[in-house]
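One letter stands for each residue in the lines below.
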Amino acid sequence: AGVRGFSLLGGARHKVDLYMDELCRKWDAEHEWFHYCPVLSRPDESEGWTGRVGHVQDQFLADHPDASQYDAYICGTPRLVTDAVNALTAAGADKGRPHQ
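Quick caveat: nothing in here was measured; it's all calculated off a predicted structure. (Residues numbered from 1 in each chain as written. Predicted model: local features only at pLDDT ≥ 70, side-chain atom pairs only at ≥ 80, totals over all residues. Heavy atoms only, no water.)

Novice: A description of the pattern of salt bridges should follow, citing residues and the corresponding values.
Specialist: Two side chains with opposite charge may pair up if their charged atoms get near one another. All told, the structure shown has four salt bridges when counted by the stated rule. Residue Asp63 is joined to Arg52 by a salt bridge in which the shortest nitrogen-to-oxygen separation is 3.0 Å. Highlighted residues: Asp63 in helix H2 (residues 56-63) and Arg52 in strand E3 (residues 52-53), separated in sequence by eleven residues. Given a relative accessible area of 27%, Arg52 falls into the partly exposed group. (Salt bridge = Lys/Arg side-chain N within 4 Å of Asp/Glu carboxyl O. Helix = DSSP H or I, 4+ residues; strand = E, 2+ residues; numbered from the N terminus. Buried < 20%, exposed > 50% of the residue type's maximum accessible area, 1.4 Å probe, protein only.)

Okay, structure coming up:
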């Protein structure tokens, strides 16, 4: 059995708010099984952001429209958690698989 992959989608409003961004980028470069995808919801033009923009759950579903095969561990504000759980279950995730 091979190693299962792990994807971390880190969300923030601005680049400076991404939690442990440099370490996550380092892990992404060092480990084949680890994928880091930072997502900004409100980047300023001055940030020069060229990465993904929007909400984390929308970016996940853009890559994986069928969420039925994934476990999700979600943390954040109550609204973010509720929105993410609702989006993932609407995309097929079992109600017990998005963990809060």
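Novice: I'd love a proper account of the nonpolar core, names of residues and values included.
Specialist: Counting twelve residues, the largest nonpolar core is built from Phe60, Leu61, Ala67, Ala72, Ile74, Val81, Ala84, Val85, Ala87, Leu88, Ala91 and Ala93. At the level of secondary structure, the elements contributing two or more residues to this core comprise H2 and helix H3 (78-90). In terms of residues, this core owes the most to one element, H3, which gives five residues. Of all hydrophobic cores here, the second largest spans seven residues; its members include Ala12, Leu18, Leu40 and Trp49. (Core = buried A, V, L, I, M, F, W, Y, C linked by side-chain atoms within 4.5 Å.)

Novice: Please set out the side chain of Asp21 residue by residue, giving values where relevant.
Specialist: One can find Asp21 in helix H1 (residues 21-30). Here Asp21 is in contact with Tyr36 and Pro38, once residues within four sequence places are set aside. (Contact = heavy atoms within 4.5 Å.)

Novice: Report on the packing of H2 against H3, specifying residues and quantitative values.
Specialist: Interaxial distance between H2 and H3 falls to 9 Å at its minimum, and their mutual angle equals 20°. Relative to H3, the element H2 is oriented roughly parallel. In the crossing of H2 with H3, the sense of the turn from one axis to the other is right-handed. From H2, Gln57, Phe60 and Leu61 reach across to H3, where they touch Asp83, Ala84, Ala87 and Leu88. Class assignment of the residues belonging to the contact of H2 with H3 gives a composition of five nonpolar, one polar and one charged. (Axes fitted to C-alpha atoms, helices over the stretch in contact; angles between N-to-C directions. Parallel < 35°, antiparallel > 145°, perpendicular 65-115°, else oblique. Left-handed = near helix turned anticlockwise from the far one by under 90°. Nonpolar A, V, L, I, M, F, W, Y, C, P; charged D, E, K, R; others polar.)

Novice: Go over the environment of His14 with me, naming the residues and quoting the values.
Specialist: Along the chain, His14 falls in the loop between strand E1 (6-12) and H1. Considering only alpha carbons, one finds His14 and Pro43, 29 residues apart in sequence, at a separation of 5.0 Å. At 3.0 Å, the side chain of His14 and the backbone oxygen of Arg42 are in polar contact. (Polar contact = N/O pair within 3.5 Å; in protein donor to acceptor, adjacent residues only side chain to side chain.)

Novice: Account for the packing of aromatic side chains, naming residues and giving values.
Specialist: Throughout the structure, instances matching the rule amount to four aromatic pairs. Ring geometry for Trp33 against Phe34: centres 6.0 Å apart, planes inclined by 85°, an arrangement best described as edge-to-face. For Phe34, a relative accessible area of 6% corresponds to the buried category. Ring geometry for Phe60 versus Tyr70: centroids 5.4 Å apart, planes at 90°, classification edge-to-face. Pair noted here: Phe60 is in helix H2 and Tyr70 is in the loop between H2 and strand E4 (72-73), with a separation of ten residues, a long-range link. With relative accessibility at 16%, the residue Phe60 sits in the buried group. (Phe/Tyr/Trp six-rings, centres within 6.5 Å; stacked < 30°, edge-to-face > 60°.)

Just geometry here; none of it tells us what the structure is for.
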